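# Coordinates in review
Letter by letter, the chains look like this.
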Amino acid sequence: MSIWRYANPAEFMRITAPLVVPLWVLAGLLIAAGIGWGLSVPADYQQGSTVKIIFLHVPAAMLAINTYALMAVASVIGLVRRHHVSFLIAKAAAPIGAAFTAIAIITGAVWGQPIWNTWWEWDARLTSVLIMFFFYLGYMALWAAIEDPDKAADLSAVLCLVGVIFAFLARYAVRFWTTLHQDSSLSAVEAGQRIDDAFRTPLYLCMVAFYVLFFAILLVRARTEIRLRRLRALHVAQGAYA
Amino acid sequence: MTCLTGMAAMAAGAGQVVAQAAQTVESVPVVGDPYVAYVFAAYISTAVILAGLIWTSLAASRRARRALARDQTDGKGTA
């Protein structure tokens, strides 16, 4: 059975229909558990209670980058194989990625003020995340600005691929340059464990919760885009036969 | 000479008292959490952004579903 059958809009709608409600319920439960646990952890000996911000910042930052990667993959598939569902999934993912990028930037600034003594620094990672955020906005603006959906899909996909470099930099800038933002706390490093289990376990739970929420919203938005495309096709057909 | 030694001893003693007092002040726990406003701001801003995203996504979905159902029942085609 080929994976490409999911590229058929009718098949995609049929397969995803029973997933929507369970995903929302699961996302709600996981978010409640993760955030509740995160808020109840003890204060860190260095960061104090600002450590509770990582339960929002880290999952949001991961999703900000990975959503862009998903959009890039979907755009490549759309451009190469001409599957409309791929373009529509990239389009549906963009506002979600932009929202999570905004959350990552805001929570990072709010954490940075008491810990780094600055809201913002033109650090390699922060700057690349900000540029990635502008690419999200530009991608959405381009889709909205072009009336022909096929042309909009192609041009937006190309723009998305141009911005991949900043998603890559947002992920790996801390390894290329030693600037203000610290390296990942969760990656396996030679220095050993960098984060105590008291924070690590609820952080993992929050990451899973945010991912489930992401897929719940993505499904709703992708299904909406497919419906809107059907609607447009109906109107075109009506105009042709009128 | 004795007087000078005595004064030095007094000064050293006074310094010790000051150091002890400073240590006592540092060890007094801060009343309340000095970072609570930052944590609150982070969680509220995240909640607002996510609520907006979810609200607009569900509203757009509802509008599209209704419009499609209306057009199909109007006999404009099949989806």
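In what follows, the structure referred to is the one given above.
Residues numbered from 1 in each chain as written. Chains lettered and ligands numbered in written order. Predicted model: local features only at pLDDT ≥ 70, side-chain atom pairs only at ≥ 80, totals over all residues. Heavy atoms only, no water.

## Focus: the environment of Gln-113 of chain A
Relative to the elements of secondary structure, Gln-113 of chain A occurs in helix 4 (residues 84–116). In contact with Gln-113 of chain A, not counting residues within four places along its chain, are Thr-118 and Trp-119 of chain A together with Tyr-38 of chain B. (Helix = DSSP H or I, 4+ residues; strand = E, 2+ residues; numbered from the N terminus. Contact = heavy atoms within 4.5 Å.)

## A few points about the pattern of salt bridges
All names here are of chain A. Summed over the entire model, instances satisfying the criterion amount to six salt bridges over all chains. The residue Arg-200 makes a salt bridge to Asp-197 at a minimum N-O spacing of 3.8 Å. Of this pair, Arg-200 and Asp-197 both sit in helix 8 (residues 197–241), three residues apart, roughly one helical turn. For Asp-197, a relative accessible area of 47% corresponds to the partly exposed category. (Salt bridge = Lys/Arg side-chain N within 4 Å of Asp/Glu carboxyl O. Buried < 20%, exposed > 50% of the residue type's maximum accessible area, 1.4 Å probe, protein only.)

## Quick word on the interface of chain A and chain B
The partner chain B presents 29 residues to the 35 residues of chain A that form the contact. Interface of chain A and chain B: buried area, both sides summed, is about 2700 Å²; carbon and sulfur atoms make up 78% of it. In this assembly, chain A and chain B are joined by zero salt bridges. The interface formed by chain A and chain B includes three residue pairs in polar contact (both at pLDDT 80 or more). Sorting the residues of the side of chain A that touches chain B by element identifies helix 2 (20–39), helix 3 (54–81), helix 4 and helix 8 of chain A as the ones contributing at least two each. In terms of residue count, helix 8 of chain A provides more of the side of chain A that touches chain B than any other element does, 12 residues in total. Looking at the side of chain A that touches chain B, its residues break down into 22 nonpolar, nine polar and four charged. (Buried area = accessible area lost by both parts, 1.4 Å probe. Polar contact = N/O pair within 3.5 Å; in protein donor to acceptor, adjacent residues only side chain to side chain. Nonpolar A, V, L, I, M, F, W, Y, C, P; charged D, E, K, R; others polar.)

## Looking at the environment of Pro-42 of chain A
Note that Pro-42 of chain A resides in the loop between helix 2 and helix 3. Those residues within four positions of Pro-42 of chain A in sequence are excluded, and the remaining contacts are Val-51 and Phe-199 of chain A.

## Brief notes about the packing of aromatic side chains
In the structure shown here, the tally under the stated rule is 10 aromatic pairs over all chains. Each residue in the set Trp-119 of chain A together with Tyr-35 and Tyr-38 of chain B is aromatic and connected to the rest through ring pairs, giving one cluster. Lying across the ring of Tyr-172 of chain A, Arg-171 of chain A places its NZ or CZ 4.9 Å from the centre. (Phe/Tyr/Trp six-rings, centres within 6.5 Å; stacked < 30°, edge-to-face > 60°. Lys NZ or Arg CZ within 6 Å of the ring centre and 35° of its normal.)

## Considering the packing of helix 4 of chain A against helix 2 (residues 36–73) of chain B
Running from amino to carboxyl end, helix 4 of chain A crosses helix 2 of chain B at an angle of 170 degrees, the nearest separation of the two axes being 9 Å. By the criterion of interaxial angle, the relationship of helix 4 of chain A to helix 2 of chain B is roughly antiparallel. Contacts from Pro-95, Ile-96, Ala-99, Phe-100, Ala-102, Ile-103, Ile-106, Thr-107, Val-110, Gln-113 and Pro-114 of chain A in helix 4 of chain A reach Tyr-38, Ala-41, Ala-42, Ser-45, Thr-46, Ile-49, Leu-50 and Leu-53 of chain B in helix 2 of chain B. Residue composition of the contact of helix 4 of chain A with helix 2 of chain B, by class: 15 nonpolar, four polar and no charged. (Axes fitted to C-alpha atoms, helices over the stretch in contact; angles between N-to-C directions. Parallel < 35°, antiparallel > 145°, perpendicular 65-115°, else oblique.)

## Brief notes about unusual backbone geometry
It is generally the case that most residues other than glycine have a negative phi and that most peptide bonds are trans. Residue and element names in this part refer to chain A. Even without being a glycine, Arg-82 presents a positive backbone phi close to 60 degrees. By the element assignment, Arg-82 lies in the loop between helix 3 and helix 4. On the accessibility criterion, Arg-82 (42% relative accessible area) is partly exposed.

## Remarks on a nonpolar patch on the surface
Residues and elements named next belong to chain A. On the surface, a nonpolar cluster with roughly 290 Å² of combined accessible area is contributed by Val-76, Val-80, Leu-161 and Val-164. Checked against the element boundaries, Val-76 lands in helix 3. Residue Val-76 is classed as partly exposed on the basis of its relative accessible area of 38%. (Patch = residues over 30% accessible without salt bridge, like charges linked within 9 Å, V, L, I, M, F, W, Y side chains within 5 Å. Areas by Shrake-Rupley, 256 points an atom, 1.4 Å probe, with all protein chains shown as cover.)

## Here we look at the side chain of Thr-50 of chain A
Along the chain, Thr-50 of chain A turns up in the loop between helix 2 and helix 3. For Thr-50 of chain A, the side chain forms a polar contact with the main-chain oxygen of Gln-47 of chain A, separated by 2.5 Å. In this structure, Thr-50 of chain A is in contact with Trp-111, Pro-114 and Ile-115 of chain A together with Tyr-35 and Val-39 of chain B, ignoring residues within four places of it in sequence.

## A look at the packing of helix 3 of chain A against helix 7 (residues 164–176) of chain A
Residues and elements named next belong to chain A. Direction vectors running N to C along helix 3 and helix 7 enclose 150 degrees, while the axes themselves pass 9 Å from each other. As summarised for this structure, helix 3 and helix 7 are arranged roughly antiparallel, according to the angle between their axes. Pair helix 3 / helix 7 crosses with left-handed handedness. Within the contact between the two elements, helix 3 uses Ile-65, Tyr-68 and Ala-72 and helix 7 uses Val-164, Ala-167, Ala-170 and Arg-171. Here the contact of helix 3 with helix 7 is composed, by residue class, of six nonpolar, no polar and one charged. (Left-handed = near helix turned anticlockwise from the far one by under 90°.)

## Topic: the side chain of Ser-128 of chain A
All names here are of chain A. Mapped onto the elements of the fold, Ser-128 is located in helix 5 (residues 124–145). Among the polar contacts listed, one links the side chain of Ser-128 to the backbone oxygen of Arg-125, at a separation of 3.0 Å. Among residues more than four places away in sequence, those in contact with Ser-128 are Phe-166, Leu-169, Ala-170 and Ala-173.

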